[in-house]
Amino acid sequence: MTSPESSNTNWKQRNNLNTKRLAKWTAAWVLSLALATFGDKFIWQQSELITAIAIGINFLIGIVMIMVNKQHLTDLDELQQKIQLNAMALSLGIGLIVGISYSTLDTTGLISSHAEISHLIIVMALTYMIGIIFGNRQYQ
């Protein structure tokens, strides 16, 4: 029979392993995105085939990253799952509202710059981080 301390240690070890795996796959996804985005300008000089392959690899790495993230979330305790779910819901909601409003401002000509997806990703990432911070503070 396992003691509560060994179960807690096993959970911590599994959580650390899942966090490291998620960090590695996220880094791989970011690097492959950078390669797909800038490779044709700096490495292979505008070969559409190589660019398409790089985008495909980025897509596949992204799928694996999602699966690793799902496993990470599944292995969290109930409180951490709740905090993550609330932060993700906030990020999705804010991203949807801000993204549609931002796009509408662009398409109606009310702003002079073009609505860029990178701006929306920044808003969603900041919203997610704020949701995590406030969620952890709420349950301390």
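In this report, the structure presented in the accompanying data block is examined. All values derive from a computational prediction rather than experimental measurement.

Some thoughts on the overall build of the chain
A count of helical and extended segments in the chain gives four helices and zero strands. Ordered by position in the sequence, the α and β elements of the chain form the string α-α-α-α. Whereas a compact globule of 140 residues would reach a radius of gyration of roughly 14 Å, the chain reaches 20 Å, over 25% beyond that. Each principal axis of the C-alpha atoms in the chain carries an extent, and together these give about 60 × 40 × 15 Å. Of the contacts formed within the chain by residues at least 6 apart in sequence, a portion of 64% connects residues at least 24 apart.

Looking at a nonpolar patch on the surface
On the surface, a nonpolar cluster with roughly 580 Å² of combined accessible area is contributed by Ile 122, Leu 126, Met 129, Ile 130, Ile 133 and Phe 134. Take Ile 130: it is sitting in helix H4 (residues 117-138).

Examining the packing of aromatic side chains
A full pass over the atoms with the stated rule returns one aromatic pair. Considering the side-chain rings of Phe 38 and Phe 42, the 6.5 Å spacing of their centres and the 45 degrees angle between planes classify their relative orientation as tilted. A residue pair is termed a helical-turn pair when its members lie 3 or 4 positions apart in one helix, as Phe 38 and Phe 42 do in helix H1 (residues 4-42) at four residues. Under the relative-accessibility criterion, Phe 38 is labelled partly exposed at 43%.

Observations regarding the side chain of Gln 84
Considering the arrangement of structural elements, one finds Gln 84 in helix H3 (residues 78-107). Classification of Gln 84 as buried rests on a relative accessible area of 12%. Not counting the four nearest positions on each side in its chain, Gln 84 is found in contact with Leu 73, Leu 76, Tyr 128 and Ile 132.

Observations concerning the packing of H3 against H4
In contact at an axis separation of 8 Å, H3 and H4 are set at 150 degrees when each is read in the N-to-C sense. The angle between H3 and H4 falls in the class roughly antiparallel. As H3 packs across H4, the resulting crossing turns out to be right-handed. Looking at side-chain class alone, the contact of H3 with H4 contains 13 nonpolar, ten polar and no charged residues.

With respect to the side chain of Asp 40
Following the sequence through the fold, Asp 40 ends up in helix H1. No salt bridge is formed by the buried Asp 40. Its closest oppositely charged neighbour is Lys 41, at 5.4 Å. Not counting residues within four places of it along the chain, the set of residues in contact with Asp 40 comprises Gln 45, Gln 46 and Thr 51.

Rules of the game
- Residues numbered from 1 in each chain as written.
- Predicted model: local features only at pLDDT ≥ 70, side-chain atom pairs only at ≥ 80, totals over all residues.
- Heavy atoms only, no water.
- Helix = DSSP H or I, 4+ residues; strand = E, 2+ residues; numbered from the N terminus.
- Rg over C-alpha atoms; globule rule 2.2 N^0.38 Å.
- Contact = heavy atoms within 4.5 Å.
- Patch = residues over 30% accessible without salt bridge, like charges linked within 9 Å, V, L, I, M, F, W, Y side chains within 5 Å.
- Areas by Shrake-Rupley, 256 points an atom, 1.4 Å probe, with all protein chains shown as cover.
- Salt bridge = Lys/Arg side-chain N within 4 Å of Asp/Glu carboxyl O.
- Phe/Tyr/Trp six-rings, centres within 6.5 Å; stacked < 30°, edge-to-face > 60°.
- Buried < 20%, exposed > 50% of the residue type's maximum accessible area, 1.4 Å probe, protein only.
- Axes fitted to C-alpha atoms, helices over the stretch in contact; angles between N-to-C directions.
- Parallel < 35°, antiparallel > 145°, perpendicular 65-115°, else oblique.
- Left-handed = near helix turned anticlockwise from the far one by under 90°.
- Nonpolar A, V, L, I, M, F, W, Y, C, P; charged D, E, K, R; others polar.
- Lys, Arg positive; Asp, Glu negative; His and termini not counted.

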